[in-house]
Amino acid sequence: GAFIGASSGAMSYEGIGAQIDAAKKDGELKAVILDLNSPGGEATGMFAVAQKVRELAAIKPVIAMVNDVAASAAYGIASGATEIVISPTSFVGSIGVVMVHMDHSGELKKKGVKPTILQRGANKTHGNPFGPLSNDANAALNEMMTVLYDQFLGAVALGRGDRLTADAARSTEASIFVGQQAIDAGVADRIGTFDDVLAELQTKAHSGATTEKV
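The rules we used
- Residues numbered from 1 in each chain as written.
- Predicted model: local features only at pLDDT ≥ 70, side-chain atom pairs only at ≥ 80, totals over all residues.
- Heavy atoms only, no water.
- Core = buried A, V, L, I, M, F, W, Y, C linked by side-chain atoms within 4.5 Å.
- Buried < 20%, exposed > 50% of the residue type's maximum accessible area, 1.4 Å probe, protein only.
- Helix = DSSP H or I, 4+ residues; strand = E, 2+ residues; numbered from the N terminus.
- Contact = heavy atoms within 4.5 Å.
- Salt bridge = Lys/Arg side-chain N within 4 Å of Asp/Glu carboxyl O.
- Pairing = 2+ DSSP bridges.
- Right-handed = clockwise from strand over helix to strand, strands pointing away.
- Axes fitted to C-alpha atoms, helices over the stretch in contact; angles between N-to-C directions.
- Parallel < 35°, antiparallel > 145°, perpendicular 65-115°, else oblique.
- Left-handed = near helix turned anticlockwise from the far one by under 90°.
- Nonpolar A, V, L, I, M, F, W, Y, C, P; charged D, E, K, R; others polar.

Visitor: Just checking my understanding: could you explain the nonpolar core for this structure?
Guide: Taken as a class, soluble globular proteins show a tendency for nonpolar side chains to be buried jointly. If you look at the biggest cluster of nonpolar residues, it comprises 40 residues, and the most contacted ones within it are Tyr 75, Ile 84, Ile 86 and Ile 95. Among the elements of the structure, helix 2 (13-25), strand 1 (32-38), helix 3 (43-57), strand 2 (62-71), helix 4 (73-78), strand 3 (83-86), helix 6 (135-160) and helix 8 (180-184) are those that each provide at least two residues to this core. Those residues in contact with Ile 95 that sit more than four places away from it in its chain are Tyr 75, Tyr 149, Phe 152, Leu 153, Val 156, Leu 164, Ala 169, Thr 172 and Ala 174. Counting residues in each nonpolar core, the second largest holds 7 residues, with Ile 33, Val 85, Val 197 and Leu 201 among its members.

Below, the structure is given as structure tokens:
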């Protein structure tokens, strides 16, 4: 179930991680392009993949090519690359976290349905959809979001360094930047195309005595 890209065009965190691991082990491969087009995803799987990207970038150049969206968790992955290249219309950023609670109690009441929750552990059902969010649950979920947000900012800072510190990333307030705006904000590095990046890397790879892979 992890490798869903063959039929749908989508790719899981596990699938991306496996490709990065393979690229890391391939001694003939001298550079890597991350071809990104995603509005983001779940927070929990992103950090491990972003770390894999940083570890790969420490060994060989990794270019994150944004065609044409790398937002939220997708940006977290891109931030670990050596360089982030975007198009003039790429959407980049959204360095933040979001959680939604749906209170369906009114809908259930109209249908004549009244759930009874049996639990052990006072916090077990925090955020359940069968009633309003309690003060305790609200506080607990907000604390969880703060932890994830701080980790996200830290991961971006580890990848971007002085180009986008944790404080600078926080100051974006999860904004999405388009094209040159992203470069001005330190969220991306330059404008280019996939073909341009591929040609540049292949030219460098073939400049030596042996043919090397990109």
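There's more to say after this.
Visitor: Help me out: how do you make sense of the pattern of salt bridges in this one?
Guide: Working definition: two side chains of opposite charge can pair if their charged atoms are close together. Applying the stated criterion across every chain, the model contains 8 salt bridges. The salt bridge partner of Arg 170 is Asp 150, with a shortest N-O separation of 3.1 Å. Of the two residues, Arg 170 is situated in helix 7 (residues 166-171) and Asp 150 in helix 6; the sequence distance between them amounts to 20 residues. Judged by its relative accessible area of 37%, Arg 170 falls in the partly exposed class.

Visitor: Looking at this structure, how should I read the pairing of strand 3?
Guide: Successive residues of a regular strand alternate their side chains across the two faces of the sheet. Along strand 3, one buried face is formed by Glu 83 and Val 85 and the opposite face, lined by Ile 84 and Ile 86, is buried too. As paired strands, strand 2 and strand 3 are joined by 4 bridges and run parallel to one another. Note on strand 3: the bridge partner recorded for Ile 63 is Glu 83. In this fold, the crossover linking strand 2 to strand 3 by way of helix 4 has right-handed handedness. One ladder, built from 2 bridges, connects strand 3 with strand 6 (residues 190-191); its direction is parallel.

Visitor: Whenever I open this one, the packing of helix 3 against helix 6 confuses me. Can you help?
Guide: Packed helices, taken two at a time, are described by the angle between their axes plus the distance between the axes. Where helix 3 meets helix 6, the axes come as close as 11 Å, and the angle between the chain directions of the two elements is 15°. Classified by the angle their axes make, helix 3 and helix 6 are roughly parallel. Like other packed secondary-structure pairs, helix 3 and helix 6 cross with a definite hand, here left-handed. Residues Ala 43, Met 46, Phe 47 and Arg 54 of helix 3 form the contact with helix 6, whose participating residues are Leu 148, Gln 151, Phe 152, Ala 155, Leu 158 and Gly 159. Partitioning the contact of helix 3 with helix 6 into residue classes produces 7 nonpolar, 2 polar and 1 charged.

Visitor: Explanation requested: unusual backbone geometry in the structure shown.
Guide: In terms of backbone geometry, most residues other than glycine have negative phi values and most peptide bonds are trans. Note the cis peptide between Asn 67 and Asp 68, where omega equals -5°. Although it is not a glycine, Ser 72 adopts a positive phi angle of roughly 55°. Looking at the secondary structure, you find Ser 72 in the loop between strand 2 and helix 4. Phi at Ala 174 takes a positive value of approximately 65°, unusual for a residue other than glycine. Structurally, Ala 174 can be placed in the loop between helix 7 and strand 5 (176-178). The class for Ala 174 is partly exposed, based on a relative accessible area of 30%.

In short, the description is geometric, and any link to function would need to be established separately.
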